[in-house]
Protein chains: 4
Amino acid sequence: MGIKSKLYEIIFESDTKVGKLFDVLLLIVIVLSILLVMLESVPSIEKQHRFLLNLMEWSITLIFSLEYCLRIWIVSKPKRYIFSFYGIIDFLSILPSYLGLFFVGTHGFIVIRALRLLRIFRILKLNRYMNEGAIIIKALKRSRIKISVFLFAVLTMVIIIGTLMYLIEGAENGFTSIPRGIYWAIVTLTTVGYGDISPVTALGQFIASFVMIIGYAIIAVPTGIVTAELSRPSKGKPSGQVCENCLSEGHDIDDQYCRYCGAKLQ
Amino acid sequence: MGIKSKLYEIIFESDTKVGKLFDVLLLIVIVLSILLVMLESVPSIEKQHRFLLNLMEWSITLIFSLEYCLRIWIVSKPKRYIFSFYGIIDFLSILPSYLGLFFVGTHGFIVIRALRLLRIFRILKLNRYMNEGAIIIKALKRSRIKISVFLFAVLTMVIIIGTLMYLIEGAENGFTSIPRGIYWAIVTLTTVGYGDISPVTALGQFIASFVMIIGYAIIAVPTGIVTAELSRPSKGKPSGQVCENCLSEGHDIDDQYCRYCGAKLQ
Amino acid sequence: MGIKSKLYEIIFESDTKVGKLFDVLLLIVIVLSILLVMLESVPSIEKQHRFLLNLMEWSITLIFSLEYCLRIWIVSKPKRYIFSFYGIIDFLSILPSYLGLFFVGTHGFIVIRALRLLRIFRILKLNRYMNEGAIIIKALKRSRIKISVFLFAVLTMVIIIGTLMYLIEGAENGFTSIPRGIYWAIVTLTTVGYGDISPVTALGQFIASFVMIIGYAIIAVPTGIVTAELSRPSKGKPSGQVCENCLSEGHDIDDQYCRYCGAKLQ
Amino acid sequence: MGIKSKLYEIIFESDTKVGKLFDVLLLIVIVLSILLVMLESVPSIEKQHRFLLNLMEWSITLIFSLEYCLRIWIVSKPKRYIFSFYGIIDFLSILPSYLGLFFVGTHGFIVIRALRLLRIFRILKLNRYMNEGAIIIKALKRSRIKISVFLFAVLTMVIIIGTLMYLIEGAENGFTSIPRGIYWAIVTLTTVGYGDISPVTALGQFIASFVMIIGYAIIAVPTGIVTAELSRPSKGKPSGQVCENCLSEGHDIDDQYCRYCGAKLQ
């Protein structure tokens, strides 16, 4: 077994001991790199520990660069890796560091530095460990139409309430435009309640009370939708099998005969 | 086929290609018209782009007017359309633009302009695409008595708490009247929490803490009600049919053959 | 049929037409009386409409007094009515108005006036119309131990977090004492978030973030408890029957034979 | 029966009358001691009632010390008790009072005083009364992977949103660093909404609205997870067994006889 296939096992797979160790190490470096970007944005920390932060930043960039090159070298079809989702993420997580060199002191520098945070998506690589996540995503997917309808209803409600409050409260109470009224309506309906804009007139407060109670009641809807999906027994769910005889769909995974025509399922 | 019946197919129905295209175009114009009303209410945008906004406004009004006239001309019983729900919505969505001409510069002008937002209800025309919405509405309808009882209980609670806080905190801490106390109670119980009024005395804060925890616990009630309704299998639930050949269970109501052995179901 | 038994039918029962009408009229008067108490507490309204408010107040008091006397006169055992729950509520809802006469201008006057709001409990008389409420209350009752345990856990959490924040943030950032820290912890955990006290130090904000996410996650617990109770099919629940043969419990209401030993159930 | 085994029954067990009384008395003392620590931290109360508070503090400390010594004396293997979870809690709940004597007036004094709150964990001793709590904890444990995945997704979302807002709003609007942006994102996504930092620019408010609606929708996920777990019948769920004698269904897994006809189940 050549060095290439050995490295492949370590870097791309995770069923050997060394492969798992590599995954854990990579996870630590990713978390470290994210913490680094955060800390660097705090003015007081940045001033005091500039040298240390720079040192760590370039160490991490070098590690990620090395990993990126290794991956390209190892895989049999480099182009396919480079243009794959993870290939692009890997590339984007080292690019900003190098780009930063050309933009030092410019206005765009801060944005480019922040782009390093795209490294966070590298964590998605670890999703092979998360089978449970798939169940949640599947439940969300199955309920996506219901949730869209719900969000659409909320949006309509929020536009009408926002306009109403704009007319009632007016610019002198902070409701300077309809979009701002809608912003307030969203803040209130979702029970966030910043308090940066809040109704002052009696009628406005009455309507606000109404909106809050509505918001309190309708939060039940998305919850109900997702819960109903998650409670649905997982086995016996449609397998995507198609009957070769009558072309019907919607069979369960453990079905062996078509339930519509009785033919044997493949 | 005359031009009238051809237009009828395009405007009123959506199963032909052109009919679908018409629906999509109309949806875009509706969304545009809503965005327009919103943007116009922002003082800075209104000043800078007054001409462009006016131009778009009148283009949209003309399109809607044309559509309205076409609909009246096409349908066999115009009166029935005019006084139907959608007929009134269609009329109300063009009326404010024309009315605005007579009220330029007056106090009511801003209200009339805002009334154009009634166009948002035109989107309801598209609800034939949303079968999923019906399930949610049905679940809400079936639980409407339970939710009413719950809201009634919340209202009673909120009146008592609001009065109590008015007596405890008094006008000097922002609780100037019982309705204001009730407003605060709603803001707190629904976990919105603006912070425009908040208890200052120790006793007031103690009661507030109590109200918050109550609110935290009772949000479970509407959620539970709606979830229980949505989880209730409507149709297509296991029918309890037993296959006479292999005695297997768990067949759906519309299954005609056993999915395990392929025998015909009774 | 004497006038007494006729009045009894009208006032105490609600299955005749006049009885229903009486109930509806009473409901209107109750709601009016509550609105009156609220409006009276608003200084601007009280000053402007003092005479009208007083007039309405005494009309309502007279109606309630009349009703109270009638009820005592009608029932066969007046003492039993007077000391029943509704008898006391009826008495308490007229007492403050008369008491107010003796306390005009004193400090306690405002409290006595507010006590008139006890009339709100008169609405409970109408609960015979609300069978649906019973289902919710039953579900809440069945889950009362689970909810108590949950609230107890929340309380413990909140005391520890509040003390921690008191130590970290200290009096200079608004956390002047442990009870105040606990107040903040409740405001945050329940996602109310007034913003009257909010963490200022970095460590405080870190812990606050942690508390919020915890609060976001554990709101699922009471919801889950109540939903599980409401979803539970009501029939077929353990009947409390005990098998006479093997003394086993946990049989369903419609079971006729012991499921553990096969003996006939009583 | 010697005094030791009698005391053992009172202190460690709770099935005798005296044992239960001891438990209740201990609970009262624990709650009193917690209230004491809280009240002591309020400057105004501490100044006025210093002597009384000190007296109560030392009484409670003595009671706890006595109980601790008794427990060590009674149990057959003192070491095992001392290093057990409850032994350590018992020790930690008396230690700070004695330690405080050495640190009077120093900076650490206030922290040591607060440590007395560790007494709260003594309440956990009473968990033998709470069987219901076990069901909740079991449901939470079973859903811990799903909840972790959810919290991980929330964390990723919050980091990206926080960075975005830091770039859009900038230091002049309160978003002074990425961690602060993340703090804001958590405050908003969890619908706490302090309002100490809130977006000022139009784009910032637009993104904030988006975040709020997302937060409103995804709160459904943990709720759904926990509810699905709590609703899941743990044991005794229908086994699908069919009685061979009367062909009835709906028997539990551990049923051995048909509950409808009494025949032996296979």
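Each chain has its residues counted from 1, following the order in which its sequence is written. Key to labels: chains lettered from A, ligands numbered from 1, both in the order written. Since the coordinates come from a predicted model, pLDDT governs what is reported: local features require at least 70, and pairs of side-chain atoms require 80 or more to be given and counted, while whole-chain, interface and lining totals use all residues. Heavy atoms throughout the structure, all of them, feed into the side-chain values; hydrogens and water do not.

## Topic: the overall build of chain A
Now for step 1: Secondary structure elements are defined from DSSP: runs of H or I of at least 4 residues count as helices, runs of E of at least 2 residues count as strands, and each element is numbered from the N terminus. Across its full length, chain A carries 13 helices and 0 strands.
Now for step 2: Listing each helix as α and each strand as β along chain A from the N terminus yields α-α-α-α-α-α-α-α-α-α-α-α-α.
Now for step 3: Each residue's exposure class comes from its accessible area (1.4 Å probe, protein chains only) as a fraction of the maximum for that residue type: buried when under 20%, exposed when over 50%, partly exposed otherwise. A buried classification covers 46% of the 266 residues belonging to chain A.
Now for step 4: The long-range share in chain A, meaning contacts at least 24 apart out of those at least 6 apart in sequence, stands at 52%.
Now for step 5: Shrake-Rupley sampling with a 1.4 Å probe provides the accessible areas, and residues are treated as covered by the protein chains on show and by no other component. Accessible area of chain A: about 13,700 Å², with a carbon and sulfur share of 70%. By definition in these notes, contact holds between two residues if any of their heavy atoms fall within 4.5 Å.

## Quick look at the side chain of C:Ser93
All names here are of chain C.
Now for step 1: Checked against the element boundaries, Ser93 lands in the loop between α6 (85-92) and α7 (95-102).
Now for step 2: Residue classification places Ser93 among the buried positions, given a relative accessible area of 0%.
Now for step 3: At 2.8 Å, the side chain of Ser93 and the backbone oxygen of Asp90 are in polar contact.
Now for step 4: What Ser93 contacts, discounting residues up to four positions off in sequence, is Phe64, Arg119 and Arg122. Any pair of nitrogen or oxygen atoms within 3.5 Å is treated as a polar contact; in protein, a donor-acceptor pairing is required on top of that, and neighbouring residues in sequence qualify only through side-chain atoms on both sides.

## Re the UniProt feature "transmembrane region" (unreviewed entry) in chain A
All names here are of chain A.
Now for step 1: Summarizing the sequence annotation, UniProt attributes the feature "transmembrane region" (unreviewed entry) to residues 21-39, 51-70, 82-101, 107-124, 145-168 and 206-228 in the numbering used throughout.
Now for step 2: Split by type, residues 21-39 is 100% helix and 0% strand. Its first and last C-alpha atoms lie 27 Å apart.
Now for step 3: Across residues 51-70, helical content stands at 100% and strand content at 0%; the span's end C-alpha atoms are separated by 29 Å. UniProt positions are given in the numbering used here, feature names are shortened, and annotations may be inferred rather than shown by experiment.

## Quick notes on the nonpolar core
Now for step 1: Nonpolar cores were defined as sets of buried Ala, Val, Leu, Ile, Met, Phe, Trp, Tyr and Cys residues, with membership established by side-chain atoms within 4.5 Å. Core analysis: the largest hydrophobic core is formed by 216 residues, its most contacted members being A:Trp184, B:Trp184, C:Trp184 and D:Trp184.
Now for step 2: Look past the residues within four positions of C:Trp184 in its chain and what remains in contact with it is C:Ile161, C:Met165, C:Phe175, C:Ile197, C:Ser198, C:Pro199, C:Ala208 and D:Tyr194.

## Section: the interface of chain C and chain A
Now for step 1: Of the residues lining the interface, 4 residues belong to chain C; the matching set on chain A comes to 4 residues.
Now for step 2: Accessible surface is computed with a 1.4 Å probe, and the buried area is the amount of it that two parts give up when combined, taken over both parts together. Summed over both partners, the interface of chain C with chain A buries about 170 Å², with 34% contributed by carbon and sulfur atoms.
Now for step 3: The interface formed by chain C and chain A includes 0 residue pairs in polar contact (both at pLDDT 80 or more).
Now for step 4: Residues are grouped as follows: Ala, Val, Leu, Ile, Met, Phe, Trp, Tyr, Cys and Pro are nonpolar; Asp, Glu, Lys and Arg are charged; all remaining types, including Gly, are polar. Each residue belonging to the side of chain C that touches chain A can be placed in one class, and the counts come to 1 nonpolar, 3 polar and no charged.

## Concerning the environment of C:Ser231
Now for step 1: Within the secondary structure, C:Ser231 is located in helix α13 (residues 220-231).
Now for step 2: For the pair C:Ser231 and C:Ile161, spaced 70 residues apart in sequence, the C-alpha separation works out to 34 Å.

## Here's the deal with the packing of helix α2 (residues 17-40) of chain C against helix α4 (residues 50-74) of chain C
Residue and element names in this part refer to chain C.
Now for step 1: Contact geometry of α2 with α4 gives a least axis separation of 10 Å together with a crossing angle of 140°. Taken together, the axes of α2 and α4 are oblique relative to one another. The way α2 lies across α4 gives a crossing that is left-handed. Residue-level inspection shows Phe22, Leu26, Val29, Ile30, Leu32, Ser33, Leu36 and Glu40 of α2 in contact with α4, the latter providing Leu53, Met56, Glu57, Ile60, Ile63, Phe64, Glu67 and Arg71.
Now for step 2: Taken together, the residues that form the contact of α2 with α4 break down as 11 nonpolar, 1 polar and 4 charged. Fitted lines through C-alpha atoms give the axes, limited to the stretch in contact for helices. The angle between two N-to-C directions lies from 0 to 180 degrees. Roughly parallel means an angle under 35 degrees; roughly antiparallel means over 145; roughly perpendicular covers 65 to 115; every other angle is labelled oblique. Crossing chirality is assigned from the near helix's rotation relative to the far helix, an anticlockwise turn below a right angle marking it left-handed and a clockwise turn marking it right-handed.

## Section: the relation of the copies chain C and chain A
Now for step 1: Residues below a pLDDT of 70 in either copy are left out; the C-alpha atoms of the rest, at least 70 in both, set the least-squares superposition of the copies. For the pair chain C and chain A, the superposition axis carries a translation of 0.0 Å, the fit reaches an RMSD of 0.1 Å, and the rotation angle comes to 180°. Interpreted geometrically, this transformation is the action of a two-fold axis.
Now for step 2: Most of the interface of chain C is mirrored in chain A: 100% of its interface residues are interface residues there too.

## Observations regarding the packing of aromatic side chains
Now for step 1: The rule is short: rings of Phe, Tyr and Trp, with Trp giving its six-membered ring, pair when the centres are within 6.5 Å, and they are stacked under 30 degrees, edge-to-face over 60, tilted in between. The final tally for this structure, using the stated rule, is 24 aromatic pairs over all chains.
Now for step 2: Ring centres of B:Tyr68 and B:Phe91 lie 5.9 Å apart, and the angle between their planes is 40°; this geometry places the pair in the tilted category. In this pair, B:Tyr68 sits in helix α4 (residues 50-74) while B:Phe91 sits in helix α6 (residues 85-92), placing the two residues 23 residues apart along the sequence.
Now for step 3: Overall, B:Phe91 belongs to the partly exposed group, its relative accessible area being 38%.
Now for step 4: Ring geometry for D:Phe175 versus D:Trp184: centroids 5.5 Å apart, planes at 65°, classification edge-to-face. The same class applies to D:Phe175 and to D:Trp184, which are both buried.

## Description of helix α2 (residues 17-40) of chain D
For the α-helix, the turn length of 3.6 residues means that residues three or four positions removed from each other point alike.
Now for step 1: Given a helix with a known number of residues, its expected span is that number minus one, times 1.5 Å. For α2(D), spanning 24 residues, the distance from its first C-alpha to its last is 35 Å, which sits close to the expected 34 Å at 1.5 Å a residue.
Now for step 2: If you check which residues of α2(D) are buried, you get D:Gly19, D:Asp23, D:Leu26, D:Val29, D:Ile30, D:Ser33, D:Ile34, D:Leu36, D:Val37, D:Met38 and D:Glu40.
Now for step 3: Those residues of α2(D) that are buried are in contact with α10 (144-169) and α11 (178-189) of chain C together with α1 (3-12), α3 (43-48), α4 (50-74) and α8 (109-115) of chain D.

## Brief notes about a nonpolar patch on the surface
All names here are of chain A.
Now for step 1: On the surface, Leu21, Val24, Leu25, Leu27, Ile28, Val31, Leu32 and Leu35 cluster together to form a nonpolar patch covering roughly 660 Å² of accessible area.
Now for step 2: Its place among the elements puts Leu25 in helix α2 (residues 17-40).
Now for step 3: When its relative accessible area of 48% is taken as the criterion, Leu25 is described as partly exposed. Residues enter a patch when their relative accessible area is above 30% and they make no salt bridge; the linking distance is 9 Å between like charges and 5 Å between nonpolar side chains (Val, Leu, Ile, Met, Phe, Trp, Tyr). A carboxyl oxygen of Asp or Glu within 4 Å of a side-chain nitrogen of Lys or Arg is what we treat as a salt bridge.

## Re the confidence of the model for chain A
Residues and elements named next belong to chain A.
Now for step 1: Averaged over every residue, the pLDDT of chain A is 81; residues scoring 70 or more account for 82%.
Now for step 2: Per residue, pLDDT measures the predictor's confidence, with a range of 0 to 100. Averaged pLDDT values over the elements of chain A bottom out at 76 in helix α9 (residues 131-142) and peak at 92 in helix α11 (residues 178-189).
Now for step 3: Within the model, the stretch residues 234-240 combines pLDDT values under 50 with 13 contacts to residues more than four positions away or in other chains.
Now for step 4: Both confidence scores are given for the complex: pTM 0.80, ipTM 0.78.

## Brief notes about the environment of C:Val154
Residue and element names in this part refer to chain C.
Now for step 1: Within the element layout of this structure, Val154 appears in helix α10.
Now for step 2: Overall, the relative accessible area of 3% leaves Val154 in the buried class.
Now for step 3: Each residue touching Val154, except ones within four places of it in the same chain, is listed here: Leu189 and Ile218.

## With respect to the environment of D:Ser209
Now for step 1: Mapped onto the fold, D:Ser209 is located in helix α12 (residues 202-218).
Now for step 2: Taking the C-alpha atoms as reference points, D:Ser209 and D:Pro199, 10 residues apart in sequence, are found 10.0 Å from one another.

## Quick look at the packing of helix α1 (residues 3-12) of chain C against α2(C)
Residues and elements named next belong to chain C.
Now for step 1: One can describe the packing of α1 onto α2 by two numbers: an axis separation of 7 Å at closest approach and a directional angle of 50°. Here α1 is positioned oblique relative to α2, judged by the angle of their axes. Touching Glu9, Ile10 and Ile11 of α1 are Val18, Gly19 and Phe22, all from α2.
Now for step 2: Split into classes, the residues belonging to the contact of α1 with α2 amount to 4 nonpolar, 1 polar and 1 charged.

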